[in-house]
Amino acid sequence: MSGQEVGLAVSVFLACAVEAVEALTIVLAVGVTRSWRSALTGVGAATLVLAVIVAALGPALTALPIDVLRVVVGGLLLVFGLQWLRKAILRYAGLKALHDEDKEFASETDAARAAGKAGAGFDGYSFTIAFKGVLLEGLEVAFIVLTFGASQHNVGLAAVAAAVAIAVVVLAGVLVRAPLARVPENTMKFCVGVMLTSFGIFWGAEGAGASWPGGDAALLVIIPGVALASIGMVRWIRRAPAARRVVGEPA
Amino acid sequence: MSSIVRAARAVWEFVVGDDPWTALGVVVALGATAIIAGAGAPAWWVMPLAVPVLLGLSLRRAAR
């Protein structure tokens, strides 16, 4: 496996694991409170829609000329990666609330109870909430699978990494039988942001016609460089006098 | 609102998010890379220079 393929697999695995943790919380809430069968049907339907999106757009993207593909995908990865990185840095700095799975679970179960008692048959509420939760959380992963996979003509590897991440999270959820509140979500989001941004820099510049000194080995400098710059920005933004901290938020 | 406009807005929100200036900066930086590379000069340095600047400016806007 090449260095780029390892980067692809790690990035997709982490991104997918983070989104799967969030989706698991929603599915657990409606499953425990109302109907497991309907919630799991919603999960299956959403997974199918995501698989169709990847299967339909994957071959279309890989058919594009490689330079066009890399400048477009590099640009998209950069815009997307900088969003993840920005939010993760703001959370580390205490300027944005951390995602709290226990709080999210409590909020979802309250809403599920308020929606009335589930009938004996198919429960539309559980289906819809599970479907929407998995679809919305999964779209970002589908985007990353498609862009990373298409750039390396290896959508299959990206899809496998995503599937392994989902399996790991679901297994952990079954074992713990509770929301996975201890998963270091922000650290994982920070790592995904660093990877997306680094590959975005590399492919974007290459697609625009630049040649990297050292070829693919340049990634070994770009990835740590982006990570160090981002860590530096966490420290800088924490010290910034204008920074407005979220009340009660761990910095 | 037509469904096309709604879909376009959803895609915009999804890809660009709440900071369009960063997205614009990425496009400008990629354009500069293409122009410099097209002129035959080394252009690899543009993106590693532009991206931390864009991220820093975005964080500064968010922290205000």
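Note that this is a predicted model, so its numbers are computed, not measured.

1. Some details on the overall build of chain A
And then number 1: Assigned secondary structure in chain A consists of eight helices and zero strands.
And then number 2: Overall, chain A shows an N-to-C arrangement of helices and strands of α-α-α-α-α-α-α-α.
And then number 3: Here the C-alpha atoms of chain A give a radius of gyration of 20 Å, agreeing with the 18 Å that 2.2 N^0.38 yields for 251 residues.
And then number 4: C-alpha atoms of chain A, sized along the principal axes, occupy 65 × 50 × 25 Å.
And then number 5: Restricting to contacts in chain A with at least 6 residues of sequence separation, those with at least 24 account for 88%.

2. Let's talk about helix α6 (residues 155-176) of chain A
An α-helical turn contains 3.6 residues, so a residue and the one three or four places further along point in the same direction.
Residues and elements named next belong to chain A.
And then number 1: Helix length check: α6, at 22 residues, gives a terminal C-alpha distance of 32 Å against a target of 32 Å (1.5 Å per residue), a fit within 8%.
And then number 2: Along α6, the residues classified as buried are V155, A158, A159, A161, A162, A165, I166 and V169. The buried residues of α6 occupy an angular sector of 160° when projected down its axis, which confines them to one face. In this structure, α6 carries G156, A167, L171, V174 and L175 as exposed residues pointing more than 90 degrees from its buried face.
And then number 3: Its buried side turned inward, α6 meets α1 (3-33), α2 (36-62) and α5 (124-151).
And then number 4: One or two residues past the end of α6 sits R177, with phi positive at roughly 55°.

3. Side note on the nonpolar core
Residues and elements named next belong to chain A.
And then number 1: Counting 94 residues, the largest nonpolar core has V12, C16, V27, A130, V145 and A162 as the members making the most contacts within it.
And then number 2: A total of 18 residues in this core trace back to one element, the largest contributor, which is α1.
And then number 3: In contact with V12, not counting residues within four places along its chain, are I144, V145, F148, A158, A161 and A162.

4. Topic: helix α3 (residues 46-63) of chain B
And then number 1: Taking 1.5 Å of rise per residue, 18 residues should cover 26 Å, and α3(B) covers 26 Å from first to last C-alpha, within 8% of that figure.
And then number 2: Every buried residue belonging to α3(B) is among B:V46, B:M47, B:P48, B:A50, B:V51, B:L54, B:L55, B:S58 and B:L59, and all of these are buried.

5. Considering the interface of chain A and chain B
And then number 1: Taken together, the contacts link 32 residues of chain A with 29 residues of chain B.
And then number 2: Broken down by secondary-structure element, the contributors of at least two residues to the side of chain A that touches chain B are α3 (66-92), α7 (185-207) and α8 (219-239) of chain A.
And then number 3: A total of 12 residues in the side of chain A that touches chain B trace back to one element, the largest contributor, which is α3(A).
And then number 4: Broken down by class, the residue content of the side of chain A that touches chain B amounts to 24 nonpolar, seven polar and one charged.

6. Quick look at the packing of α3(A) against helix α2 (residues 20-38) of chain B
And then number 1: Where α3(A) meets α2(B), the axes come as close as 10 Å, and the angle between the chain directions of the two elements is 145°. In terms of crossing hand, the pair formed by α3(A) and α2(B) is right-handed. From α3(A), A:V71, A:G75, A:L78, A:V79 and A:L82 reach across to α2(B), where they touch B:T22, B:A23, B:V26, B:V27 and B:L30.

7. With respect to the environment of A:L28
Residue and element names in this part refer to chain A.
And then number 1: Note on placement: L28 falls in helix α1.
And then number 2: Judged by local crowding, L28 falls into the buried class, with 23 C-beta atoms found within 10 Å.
And then number 3: Sequence separation of L28 and A178 is 150 residues, and the distance between their C-alpha atoms is 7.4 Å.
And then number 4: Ignoring anything within four residues of it in the chain, the contact list for L28 reads F105, G173 and P179.

Calculation rules
Residues numbered from 1 in each chain as written. Chains lettered and ligands numbered in written order. Predicted model: local features only at pLDDT ≥ 70, side-chain atom pairs only at ≥ 80, totals over all residues. Helix = DSSP H or I, 4+ residues; strand = E, 2+ residues; numbered from the N terminus. Rg over C-alpha atoms; globule rule 2.2 N^0.38 Å. Contact = placed C-beta atoms within 7 Å. Expected span 1.5 Å × (residues − 1). Buried ≥ 20, exposed ≤ 12 C-beta atoms within 10 Å, placed from the backbone. Arc of directions from axis to C-beta. Core = buried A, V, L, I, M, F, W, Y, C linked by C-beta atoms within 7 Å. Nonpolar A, V, L, I, M, F, W, Y, C, P; charged D, E, K, R; others polar. Axes fitted to C-alpha atoms, helices over the stretch in contact; angles between N-to-C directions. Left-handed = near helix turned anticlockwise from the far one by under 90°.

What is shown is where atoms sit, not what they do.
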